[in-house]
Amino acid sequence: MVSQELVRKAQELKSKGLSTYEIADELKVQPDTVVWLLLRGKERASKPVPHDVFVDWSSIGSHTKRMTSIALALADLVRESIRGGDFDEPDAIVAVEGNGIVLGVALAKEMGKPFAAVRPHRIAHKKLPGLVNPSFHDVVGKRVLIVDAVLRAGETHRAAIKTLHDSRAKPVAIVVLVNKSGKSKIDSIPLKSLIQLLPVST
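Along each chain, the written sequence defines residue order, and numbers are assigned to residues from 1. Only residues with pLDDT of at least 70 are given local features in this predicted model, and only at 80 or more are side-chain atom pairs given and counted; all residues enter the totals for whole chains, interfaces and linings. Only hydrogens and water are set aside when side-chain values are computed; all heavy atoms of the structure are taken into account.

## Examining the pattern of salt bridges
The criterion, for reference: Put simply, a salt bridge is a Lys or Arg side-chain nitrogen that is within 4 Å of an Asp or Glu carboxyl oxygen. Helical segments are the DSSP runs of H or I of at least four residues, strand segments are the runs of E of at least two, and each set is numbered from the N terminus.
One pass over the structure, following the stated rule, counts 15 salt bridges. R8 is the partner of E5 in a salt bridge, and the nearest nitrogen-oxygen pair spans 2.5 Å. In this pair, E5 and R8 both sit in helix α1 (residues 4–15), three residues apart, roughly one turn of the helix. The closest approach of N and O atoms between D88 and K170, which form a salt bridge, is 4.0 Å. Here D88 is found in the loop between α6 (64–83) and β1 (92–96), whereas its partner K170 is found in strand β5 (residues 170–179), with 82 residues between them in sequence.

Shown next, in the form of structure tokens:
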């Protein structure tokens, strides 16, 4: 059963002029899921339901105590990964702008690291390298840990990695609350998550 709230969110974003791909980014679902949500009546009934999962983490993101607990769990995962030799200790935490900001700030505070933010650009259906937000910590020459809430396919994170490389930073890993991709690396950068959503069959 599709949540009417998810349909409403998709319609609201469409009414604000966002493209199918931008709505997919906002909702962290596949573009074909967005199309399916936006269709009406017979058209929607005739299309098969897409194989996708919407991650609603608003009950965590809207409460500071819960965000602090998640940051504590992510910091524990990061420290365990560093001890295990999965990746080097970062000099700074870099959040992917959007849903990653709140989580990145909380994780940077928990780990006692400077905070930075990266903003990949979207051009039509592609994510491209963007910029490192100059309002936060400088990343030049720094080992950085990329943080986001949900990783869908990794396209945004590939663009973030390229943006950081172009800014002369060295991404050491990506850490997310939820990994929907089934991948353990993005462009050879280790990917860690608290929760993985994996298909039972393909």
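## Things to note about the packing of aromatic side chains
Where we set the bar: Each pair of aromatic rings taken from Phe, Tyr and Trp, with Trp reduced to its six-membered ring, is defined by centres within 6.5 Å and is described as stacked if the planes are under 30 degrees apart, edge-to-face if over 60, and tilted in the remaining cases. Exposed residues in this analysis have more than 50% of their type's maximum accessible area, buried residues have under 20%, and partly exposed residues fall in between, with area computed by a 1.4 Å probe over protein chains only.
Applying the stated rule across the entire model yields one aromatic pair. For the pair F115 and F136, a centre-to-centre distance of 5.1 Å together with 80° between the ring planes defines the contact as edge-to-face. Placement of F115 in strand β2 (residues 115–123) and of F136 in the loop between β3 (126–132) and β4 (143–151) is noted, with a sequence separation of 21 residues between them. A relative accessible area of 13% places F115 in the buried class.

## Here's the deal with the sheet that holds strand β7 (residues 189–196)
How we decide: The rule for pairing is simple: two strands pair if DSSP sees at least two bridges between them. The contact criterion used is simple: two residues touch if any of their non-hydrogen atoms lie within 4.5 Å. In this analysis an axis means a line fitted to C-alpha atoms, helices contributing only their contacting stretch, and an angle means the value between N-to-C directions, from 0 to 180 degrees.
With respect to topology, seven strands assemble into an open sheet ordered β3-β2-β1-β4-β5-β7-β6, the strand pairing being mixed. Here the strands that pair on one side only, and so sit at the sheet edges, are β3 and β6 (185–186). Pairing of β6 with β7 involves two bridges; the strand directions are antiparallel. Of the residues in β7, the one forming a bridge with I186 is I189. Packed on one face of the sheet, α6 meets β4, β5 and β7 and runs near 140° to β7. In the packing of helix α8 (residues 155–166) onto the sheet, the strands contacted are β1, β2, β3, β4, β5, β6 and β7, and the crossing angle to β3 comes to about 40°.

Keep in mind these values describe shape, not function.
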